[in-house]
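# Per-entry structural report
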Amino acid sequence: MNNASFIHHIKDKYCLISPEQSSSVFISEAHWKMLHDNHADDVMEQVEPVASCYGLSLKRKSIHYVDTAAMPVTGAAIFVAQQCNMDCIYCYGKGGEYGAPSMMEAAVLRKSIEWLFSQSQGREVKITFFGGEPLMNFEAIRNAVEYGRKIAAEKKSAIRYGIVTNGLLLRDDIIRFLHENNFETLVSFDGPEEIQNRQRPIKGGGGSYHIVANNAARLLESLPESSCKATLLNPGDKARAITEIQRIGFKTSNIMYTLATPDHDFEDKTAQDYTPILIEESEFGNQLLAIIKKRDSDAVKKAQMKNSIVPLFFWRFLSNTKAFYPCGAGRSEVAISTNGDIYPCHRFVGNTRFRIGHVDGHTFDRSTYVYPAIHRNNACRSCFARYFCGGICYYENYAFNSDVYSPLSEKCAMIQHIVLIAAYVYASLDAADLAFLADIHFRPTNRGVDA
């Protein structure tokens, strides 16, 4: 670790960041020059006295890792179908089949539900029906909901349901079923007709836009809180995608970007250029600071729902919280394939190298995912942004670097840049600004780094 891990020249200010305390302050030019020009071996000995002048500490907070035996599993993506009716060009699941085209049998489905309750330690569980396209096995979903309700009653526990669907099979009876059982419904939809039809064609040929758009509109009439996930190859398409998603009626959307997968190496690598994202995030950082200073509570509340990474990172500064992991994969959440194999998350299903157990209960080893990735490699350990991203998606790391713990350097650079934007906003606040944000309970809806 060197001084570059702590001091940064952002716009017209000199900023000192404490990764361990998730905090930032502006420092004087004199202090900046002293630290910038000093290349002594003991970095902390140089920086700590300067930090203390501004009421900032660089000391590490105590860390307590949860023993795997004491950690409940409360969420499972259950693959009721490893088949799909779309042929998405970026699919990481080999056409939705994950190497083994199949439907989950009733016995495996019941065992999966029983296994999840056995691992939950009495806490509420959530089952997300996944695929492929899960609605291709709708009868299994219907039976699973009934069985899950029965087991929850026996164990005096609670269960919630969710589904990730491409929207092609959202018939009226299915929408009614989802509504009656309070499903959290996520529709995969990439926005504009040209993008949706190019990236998410129907298997066998034909565009999917009109079918999905019409079905989604009907879904939202019954389940208005349903959300949308768009996957883009070009970050420059984000504004168009959001406009179309909102036009259809989605209040909440999540935009993801993909460059390639282990099975698809796109010739068009334009998505590696994160410039459009950084420009947008920088502009939003300026807007966020301005509306806070104006005490515009309505605008700030809307900003919390912005499909942006800045609010999340700014909130980490505001709350002095850390992200030790990129998500709950392999710890509190798992994925279960049609044959009952357990994986750390849905993106690894079918790759037996990452199999961590089976619902028969004989094996379940998630120790690999307990110790944080950000403490496993030198790049993360020396990165000032480590506690903001938590190490980036395990699957993305594996896809590009063949190692779940080694993040993609381009993604790291983007994350670092956005952390600096958030650090600038936070360091610009005074006591009155902080009190204003506390009064309105600022907390972003975007809780993950998916860009």
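Figured I'd write up the structure that's included with this text. (Residues numbered from 1 in each chain as written. Predicted model: local features only at pLDDT ≥ 70, side-chain atom pairs only at ≥ 80, totals over all residues. Heavy atoms only, no water.)

Tallying secondary structure elements over the chain gives 16 helices and 16 strands in all. Relative to its length of 451 residues, the chain is compact, with a C-alpha radius of gyration of 23 Å against a globular reference of 22 Å. For the chain, the spread of C-alpha atoms along the principal axes amounts to about 70 × 50 × 45 Å. Considering the chain as a whole, with its 451 residues, one finds that 54% of them fall into the buried category. Restricting the contact set of the chain to residue pairs at least 6 apart, pairs at least 24 apart contribute 71%. Total accessible area computed for the chain in this model is approximately 19,600 Å², and 50% of it derives from carbon and sulfur atoms. Mean positive and mean negative side-chain charge positions of the chain (48 and 50 charges, respectively) differ by 5 Å. (Helix = DSSP H or I, 4+ residues; strand = E, 2+ residues; numbered from the N terminus. Rg over C-alpha atoms; globule rule 2.2 N^0.38 Å. Buried < 20%, exposed > 50% of the residue type's maximum accessible area, 1.4 Å probe, protein only. Contact = heavy atoms within 4.5 Å. Areas by Shrake-Rupley, 256 points an atom, 1.4 Å probe, with all protein chains shown as cover. Lys, Arg positive; Asp, Glu negative; His and termini not counted. Charge placed at Lys NZ, Arg CZ, Asp CG, Glu CD.)

A word on the side chain of Arg-331. In this structure, Arg-331 sits in the loop between helix 11 (310–319) and strand 14 (333–336). Nearest to the buried, unbridged Arg-331 among oppositely charged side chains is Glu-333, at 7.7 Å. There is a polar contact of 3.0 Å between the side chain of Arg-331 and the backbone oxygen of Cys-327. The residues contacting Arg-331, other than those within four sequence positions of it, are Met-71, Pro-72, Val-73, Tyr-325, Arg-366, Tyr-369 and Val-370. (Salt bridge = Lys/Arg side-chain N within 4 Å of Asp/Glu carboxyl O. Polar contact = N/O pair within 3.5 Å; in protein donor to acceptor, adjacent residues only side chain to side chain.)

Moving on: the pattern of salt bridges. Applying the stated criterion to the full structure yields 20 salt bridges. For Asp-341, the salt bridge identified is with Arg-355, shortest N-O distance 2.8 Å. With Asp-341 in strand 15 (residues 341–343) and Arg-355 in the loop between strand 15 and strand 16 (357–358), this residue pair connects regions lying 14 residues apart in the sequence. On the basis of relative accessibility, which here comes to 34%, the residue Arg-355 falls in the partly exposed class. By sharing partners, the salt bridges in this structure join Glu-124, Lys-126, Arg-160 and Glu-184 into a single network.

Bringing the sheet that holds strand 2 (residues 13–18) into the picture now. Strand pairing in a sheet is mediated by backbone hydrogen bonds. Such pairs are either parallel or antiparallel. The strand order across the open sheet built from three strands is 1-2-3, with neighbouring strands paired in antiparallel fashion. For this open sheet the edge positions go to strand 1 (7–10) and strand 3 (23–27), each flanked by a neighbour on one side alone. Pairwise comparison of adjacent strand axes, ignoring direction, gives a mean angle of 35° for this sheet. With four bridges joining them, strand 1 and strand 2 adopt antiparallel strand pairing. Of the residues in strand 2, the one forming a bridge with His-9 is Tyr-14. Where helix 1 (residues 29–37) meets the sheet, its contacts fall on strand 1, strand 2 and strand 3, and the angle it forms with strand 1 comes to roughly 125°. (Pairing = 2+ DSSP bridges. Axes fitted to C-alpha atoms, helices over the stretch in contact; angles between N-to-C directions.)

What follows concerns the packing of aromatic side chains. One pass over the full model with this rule turns up 23 aromatic pairs. Seen in terms of ring centroids, Tyr-161 and Phe-183 are 5.6 Å apart; in terms of plane orientation they differ by 15°. Their pairing is stacked. One end of the pair, Tyr-161, is in strand 8 (residues 159–165); the other, Phe-183, is in the loop between helix 5 (172–180) and strand 9 (184–188), with 22 residues separating them in the sequence. Measuring from ring centre to ring centre gives 5.7 Å for Phe-313 and Phe-388, while their planes differ by 75°; the resulting arrangement is edge-to-face. Highlighted residues: Phe-313 in helix 11 and Phe-388 in helix 13 (residues 386–389), separated in sequence by 75 residues. Summarising the burial analysis for this pair, Phe-313 and Phe-388 share the class buried. Site record: aromatic cluster; members linked through ring pairs are Phe-79, Tyr-92, Tyr-98, Phe-130, Phe-348, Phe-354, Tyr-395 and Tyr-398. The ring of Tyr-325 has Arg-331 lying over it, and the distance from NZ or CZ to the ring centre is 3.6 Å. The positively charged end of Arg-376 is found above the aromatic ring belonging to Tyr-405, 4.3 Å away from the centroid. (Phe/Tyr/Trp six-rings, centres within 6.5 Å; stacked < 30°, edge-to-face > 60°. Lys NZ or Arg CZ within 6 Å of the ring centre and 35° of its normal.)

With that out of the way, let us pick up the sheet that holds strand 16. Reading across the sheet, the nine strands line up as 11-10-9-8-7-4-14-15-16 and stay open at both edges, with mixed pairing between neighbours. At either end of the open sheet lies a strand with only one pairing partner, and these are strand 11 (252–257) and strand 16. Relative to strand 11, strand 10 (residues 227–232) runs parallel, the two sharing six bridges. Note that in strand 11 the partner of Ser-227 across the bridge is Thr-252.

Quick look at the nonpolar core now. Formed by 128 residues in total, the largest nonpolar core has its most connected members in Phe-129 and Phe-314. No other element matches the twelve residues that helix 15 (residues 409–427) contributes to this core. Ignoring anything within four residues of it in the chain, the contact list for Phe-314 reads Leu-288, Ile-292, Ala-422, Val-425, Tyr-426, Leu-429, Leu-437 and Phe-442. Within the second largest apolar cluster, 13 residues are counted, among which are Ile-7, Ile-27, Leu-35 and Leu-56. (Core = buried A, V, L, I, M, F, W, Y, C linked by side-chain atoms within 4.5 Å.)

The next thing to look at is the pairing of strand 3. Counted residue by residue, strand 3 has five buried out of five residues, so it is predominantly covered. Residues of strand 3 alternate between two faces, with Ser-23, Val-25 and Ile-27 on one and Ser-24 and Phe-26 on the opposite face, all of them buried. Two strands pair when backbone bridges link them, and strand 2 and strand 3 are joined in this way by five bridges, in the antiparallel orientation. Bridge pairing links Ser-18 to Ser-23 in strand 3. Between the antiparallel neighbours strand 2 and strand 3 lie four residues, among them Ser-22 with a positive phi of about 50°.

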